[in-house]
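Structural features, examined
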Amino acid sequence: MSEAFAIVVDIGKTMSKVTLWSRAGTLLDRQVRPNAVVEQDGLRRLDVAAIGDWLIATLARHAGQPVEYLIPVGHGAGVVGLRDGALAFAPLDYEQAIPEAVRAAYRRQRDPFAITGSTALPDGLNLAAQLDWLEARDRAALDGATLLPWAQYWAWFLSGRAVSEVTSLGCHSDLWNPAAQAFAPMAVRRGWADRFAPLAAAGDAIGTLRPELAARTGLPATAKVLAGLHDSNAALLAARGFAEIAENEATVLSTGTWFVAMRSPARHAAEPVALADLPEARDCLVNVDVHGRSVPSARFMGGREIETLIEFDTRRIDITPDQPALLAAVPAVLAAGAMMLPTLAPGCGPFPDARPRWIAEPDDPFARRAAASLYAALVADASLDLIGARERLLVEGRFAEAQVFVRALASLRPETAVYTANAHNDVSFGALRLVDPRLRPQGSLARVAPLAGDLAAYSARWRAAIAA
């Protein structure tokens, strides 16, 4: 009899992924699709129709399997409106620029950081900024629409039931008050709070697979669809399955298009985390975990910056191949003082206004990729400092396999035990733990060995050059 038990549908910014899992937490199959940029009326939109077609075809690969659960995961900067069972508007891509006059008027209405834990971000990275612009373009755009976050759109797509969920609402949306566990004052004042679908917990079974999808995919009509959650929170949930992380003081650094550091203070910590003291202007924010608890976080657009530096598309190749050659290139990079200064994603990260430039730019492609890895480690190190990360750090996601990056982090943070786990499936495994929190990751964490060389001096020169 087949071991198939659950399917995780992970719709990220760069990639869409579908994974098939056994009841014991064994990965049985993984399918991936790059997401395209689409335009409509001159605006960047999420590729919702093409993703939906691919998703149905991919689910059909598992026709006849005894799947019991479908669990959606999504990035945290998409919002969808439904009207009469269909899209009320094509959801915006969060990299779509918003006119400056509209943005300025919107920012005057935002609630203070101390209420939302949400920082003012570029383009449409704040969900409320997207809603504000949609109404500025067409006052009736949201009339009669039910709003739901991106992950919960896919829960609706699969089940036919519209819900909202706190890890998505609490992800730099400007819409949520983590302390009150309720919508923020601006969301209430603008009428958006009433438009969002009713709240459900991430692990709630909100319905079963739509009959028409069951017929098209061959999956059981009895398969339960969970409300689902935000992708970085799924990575955090996966990490908590390791004994080294669990309820200890630990930080998870999730790496993909975005590098998101989420700190979990020890459950019985003597000193509480002062969320209001997080430096808002340096891309620190408050995320909300599946239990509604506040999680101090910091982020930067690491995958996009690396892609820019090495001039490759990270959907096909990144800084993880050719590890011996990259490691061998590090001494020359350090000796030459070759370094990139931030930031290649303006408005993001711990140095949002810094002007990017090379110092002693490498010509050799391996040296350039090694320098890109060191750059990512230096920015990550600065972000981790801002949220008080200490004791334990787990690097997960696509760049956990990049040896120069993770080993540089271990060198830069000698008082921290730096670990890696499986680099591809932590988000989807975390989603699976919504079904069974007792699941533990197969295998163990790998302790990362520090990189040879004087990284402390290199880091000091890098930070001095930024400040100059």
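Everything here concerns the structure above.
Presented here is a report on the structure given in the accompanying data block. Note that the structure is predicted; figures quoted are calculated from it, not measured.

All right, on to the nonpolar core then. The biggest cluster of nonpolar side chains holds 58 residues, and the ones touching the most others in it are Leu-253, Leu-374, Val-395, Phe-405 and Leu-409. For this core, the element with the highest residue contribution is helix H13 (residues 365-386), accounting for 14 residues. The residues contacting Leu-374, other than those within four sequence positions of it, are Val-333, Leu-334, Val-404, Ala-408, Leu-451, Leu-455 and Tyr-458. Judged by nonpolar contacts, the second largest core, of 35 residues, contains Leu-20, Trp-156, Leu-219 and Val-225.

As a further point, take the pattern of salt bridges. Using the criterion set out here, one finds 28 salt bridges in the structure. Among the ionic pairs, Asp-143 bridges to Arg-195, the shortest N-O distance being 3.7 Å. Here Asp-143 is found in the loop between helix H4 (127-137) and strand S9 (146-149), whereas its partner Arg-195 is found in helix H8 (residues 192-195), with 52 residues between them in sequence. Ionic pairing is found between Arg-413 and Asp-381, a salt bridge with its closest N-O pair at 2.6 Å. Placement of the pair is Arg-413 in the loop between helix H14 (403-412) and strand S22 (417-420) and Asp-381 in helix H13, with a sequence separation of 32 residues. Using a relative accessible area of 8% as the deciding quantity, one classes Arg-413 as buried. Judged by its relative accessible area of 5%, Asp-381 falls in the buried class. Through salt bridges with shared partners, a single network forms among Lys-13, Arg-44, Asp-93, Glu-95, Arg-304 and Glu-307.

What follows concerns the pairing of S22. Residues Ala-417 and Tyr-419 of S22 are buried on one face, and the alternating residues Val-418 and Thr-420, pointing to the opposite face, are buried as well. Two strands pair when backbone bridges link them, and strand S21 (residues 392-397) and S22 are joined in this way by four bridges, in the parallel orientation. Each bridged residue has a counterpart across the sheet, and for Val-395 the counterpart in S22 is Thr-420. This β-α-β element, S21 to H14 to S22, shows right-handed connectivity. Alignment of S22 against strand S23 (residues 446-447), held across two bridges, turns out to be antiparallel. Within S23, the residue paired with Thr-420 across the bridge is Ala-446.

With respect to the helices, strands and loops of the structure, Gly-256 is situated in the loop between strand S15 (250-255) and strand S16 (259-264). A sequence separation of 143 residues divides Gly-256 from Phe-399, and the C-alpha atoms of the two residues are 6.9 Å apart. Setting aside its immediate chain neighbours within four residues, Gly-256 contacts Gly-302, Gly-303, Arg-398 and Phe-399.

We now examine the packing of helix H12 (residues 323-336) against H13. Orientation of H12 relative to H13, taken along the N-to-C sense of each, is 80°, at an axis distance of 8 Å. Taken together, the axes of H12 and H13 lie roughly perpendicular to each other. Contacts between H12 and H13 involve Ala-325, Leu-326, Ala-329, Val-330, Val-333 and Leu-334 from the first element and Phe-366, Ala-367, Arg-369, Ala-370, Ala-371 and Leu-374 from the second. Here the residues of the contact of H12 with H13 are counted per class, giving eleven nonpolar, no polar and one charged.

A cis amide bond links Pro-342 to the next residue, Thr-343, at an omega of 0°. Topologically, Thr-343 is positioned in the loop between strand S19 (339-341) and strand S20 (357-359). Unusually for a residue other than glycine, Asp-123 sits at a positive phi of about 50°. As for its position among the elements, Asp-123 is in the loop between helix H3 (113-116) and H4. By relative accessible area, Asp-123 is classed as partly exposed at 25%.

This part is about the packing of aromatic side chains. Enumeration according to the criterion identifies 16 aromatic pairs in this entry. Ring geometry for Phe-183 against Phe-196: centres 5.7 Å apart, planes inclined by 35°, an arrangement best described as tilted. With Phe-183 in strand S11 (residues 182-183) and Phe-196 in the loop between H8 and strand S12 (205-208), this pair connects stretches of sequence that are 13 residues apart. With 6.5 Å between their ring centres and 75° between their planes, Tyr-375 and Trp-462 make a pair best called edge-to-face. With Tyr-375 in helix H13 and Trp-462 in helix H16 (residues 455-467), the pair connects residues that are 87 residues apart, well separated along the chain. An aromatic cluster of three or more residues is present, and its members are Trp-150, Tyr-153, Trp-154, Trp-156 and Phe-157. For Arg-137, the ring lying beneath its charged end belongs to Trp-133, and the centroid distance is 5.5 Å. Of note, Arg-447 hangs over the ring of Tyr-419, and the distance from its end group to the ring centre comes to 6.0 Å.

Calculation notes
Along each chain, the written sequence defines residue order, and numbers are assigned to residues from 1. Reporting of local features is limited, given that this is a predicted model, to residues whose pLDDT is at least 70; pairs of side-chain atoms are given and counted only at 80 or more, and all residues count toward the totals for whole chains, interfaces and linings. The basis for every side-chain value is the complete set of non-hydrogen atoms in the structure, without hydrogens or water. Here, nonpolar core means buried Ala, Val, Leu, Ile, Met, Phe, Trp, Tyr and Cys residues that are tied together by side-chain atoms lying within 4.5 Å of each other. Only protein chains enter the area calculation, which uses a 1.4 Å probe; residues under 20% of their type maximum are buried, those over 50% are exposed, and those in between are partly exposed. Secondary structure elements follow DSSP: runs of H or I of four or more residues count as helices, runs of E of two or more count as strands, with numbering from the N terminus. Contacts between residues were defined by any pair of non-hydrogen atoms, one from each residue, lying within 4.5 Å. The working definition used for a salt bridge is a side-chain nitrogen of Lys or Arg within 4 Å of a carboxyl oxygen of Asp or Glu. We call two strands paired when DSSP finds no fewer than two bridges between them. A crossover gets the label right-handed when its path from the first strand over the helix to the second runs clockwise, viewed with the strands pointing away from the viewer. Helix axes are fitted to C-alpha atoms over the stretch in contact, other axes to C-alpha atoms as well, and angles between N-to-C directions run from 0 to 180 degrees. Note on angle classes: values under 35 degrees are labelled roughly parallel, values over 145 roughly antiparallel, values of 65 to 115 roughly perpendicular, and the remainder oblique. Under this grouping Gly is polar, as are all residues other than the nonpolar Ala, Val, Leu, Ile, Met, Phe, Trp, Tyr, Cys and Pro and the charged Asp, Glu, Lys and Arg. When the centres of two rings from Phe, Tyr and Trp lie within 6.5 Å, Trp using its six-membered ring, the rings pair. Their planes under 30 degrees apart give stacked, over 60 give edge-to-face, and anything left gives tilted. Placement of a charge over a ring requires the Lys NZ or Arg CZ to be within 6 Å of the ring centre, with the centre-to-atom vector within 35 degrees of the ring normal.

The quantities given are spatial measurements derived from coordinates; they are silent on function.
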